Amino acid sequence: MTSNHADCHYCLQSLRGRKYALREENAYCVACYDSLFANPCEECKQPIECDSKDLAYKGRHWHERCFKCAKCNRSLAEKPFAAKDEVLLCTECYSNEYSSKCFHCQRTIMPGSRKMEFKGSSWHESCFVCQYCRQPLGTKPLITKDNENYCVPCFEKQFAHHCYACKKVITSGGVTYHDQPWHKECFVCAGCKTQLSGQRFISKDEYPYCVDCFSKSYAKKCAACKKPITALGSTKFISFEERQWHGECFNCVKCSVSLVGQGFLTRQDDVLCHECGSA
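In the nomenclature of an unreviewed UniProt entry, the protein corresponds to Four and a half LIM domains protein 5 from the organism Nestor notabilis. What UniProt states about the protein under its Subunit (unreviewed entry) heading is, verbatim, "Interacts with CREM (via the third LIM domain). Interacts (via second LIM domain) with SPAG8." Recorded in UniProt under Function (unreviewed entry), the annotation for the protein is "May be involved in the regulation of spermatogenesis. Stimulates CREM transcriptional activity in a phosphorylation-independent manner."

Structure follows, in structure tokens:
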């Protein structure tokens, strides 16, 4: 601009009819201003004169003509750009060199666009959706099956097992009984309601019973020891007329010899070996 100030604040030469620059209300001739205050250009290292456009980024300065992509040399003036290790790149070069590829569509995730991270992979926000309902998953809870992501409601509708007892979704663990899924806490004795997961049980009319409840309610009693005869004890038992014995209890009432596989005689409610029965 043409000076109305008398002299340069630094060299004291007259500014009349000459261009000058103001700094803190002081006037300087162009030469003094550039030597005192001009920023050095990051690219060409020359001062950015007061009549040149000074482009600044993070405390560094460039001539407009020097503000270029370090890879393709295209001007970055008034264009979006990205920085990597203090090197400036246009968005296209940056994407080709450094941007993540979307796990779903395999296209570049451009700088400045929202990126979703899940299990070590990157996704476009528009690609990170439920496989079934196609709604964005964002930061919602999700479940992965066969490398596909599902929101929890859709996964439960499509894949989750429902407990045979309470009909609610089984999210983890569970017990299978008669080809039906059960929550562990729902798989209980039909009699006393004790949890049976990991315990011995006996099935009766498609219902599970703990050993005690089954023995009390359904098991036949040994004619000798009066204890229940169950498949969880000795699997060998003897049945004669309306009575049953554990294999180890089927002995002569007098001499206690085992009658299993042997001939025997009966006397009222007693069983006897041939020798004792003939005496």
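Having seen it, we continue.
Chemist: Mind laying out the domain arrangement of the protein, listing which residues take part and the relevant values?
Modeler: By the assigned domains, the protein splits into domain 1 (175-217) and domain 2 (220-278). Distance from the C-alpha centre of domain 1 to the C-alpha centre of domain 2: 31 Å. At the junction of the two partners, domain 1 supplies 6 residues and domain 2 supplies 4 residues. Approximately 390 Å² of surface area, both sides summed, lies buried where domain 1 meets domain 2, with 68% of it carried by carbon and sulfur atoms.

Chemist: Tell me about the side chain of His-63, and name the residues and values.
Modeler: If you trace the backbone, His-63 turns up in strand 4 (residues 60-63). By relative accessible area, His-63 is classed as buried at 0%. Ignoring sequence-local partners within four residues, the contact set of His-63 consists of Cys-41, Cys-44, Gln-46, Pro-47, Ile-48, Glu-49, Ser-52 and Lys-53.

Chemist: Can you explain the environment of Ala-31? Please cite residues and give values.
Modeler: Within the secondary structure, Ala-31 sits in helix 1 (residues 30-37). Separated by 20 residues in sequence, Ala-31 and Cys-11 have C-alpha atoms that sit 9.5 Å apart.

Chemist: How would you summarise the confidence of the model for the protein if you had to cite specific residues and measurements?
Modeler: Model confidence for the protein is summarised by a mean pLDDT of 84, while 95% of its residues fall at 70 or above. Within the protein, no element has a lower average pLDDT than helix 4 (residues 211-217), which sits at 77, and none a higher one than strand 4, at 93.

Chemist: Account for the pairing of strand 5 (residues 81-84), with residues named and values stated.
Modeler: Relative to strand 6 (residues 87-90), strand 5 runs antiparallel, the two being bridged by 4 bridges. Within strand 6, the residue paired with Ala-82 across the bridge is Leu-89. In this antiparallel pair of consecutive strands, strand 5 and strand 6, the connection spans 2 residues, and Asp-85 shows a positive phi of 55 degrees.

Procedures and definitions
- Residues numbered from 1 in each chain as written.
- Predicted model: local features only at pLDDT ≥ 70, side-chain atom pairs only at ≥ 80, totals over all residues.
- Heavy atoms only, no water.
- UniProt positions renumbered as here; feature names shortened; annotations may be inferred.
- Domains from an automatic or database assignment.
- Contact = heavy atoms within 4.5 Å.
- Buried area = accessible area lost by both parts, 1.4 Å probe.
- Helix = DSSP H or I, 4+ residues; strand = E, 2+ residues; numbered from the N terminus.
- Buried < 20%, exposed > 50% of the residue type's maximum accessible area, 1.4 Å probe, protein only.
- pLDDT = per-residue confidence, 0-100.
- Pairing = 2+ DSSP bridges.

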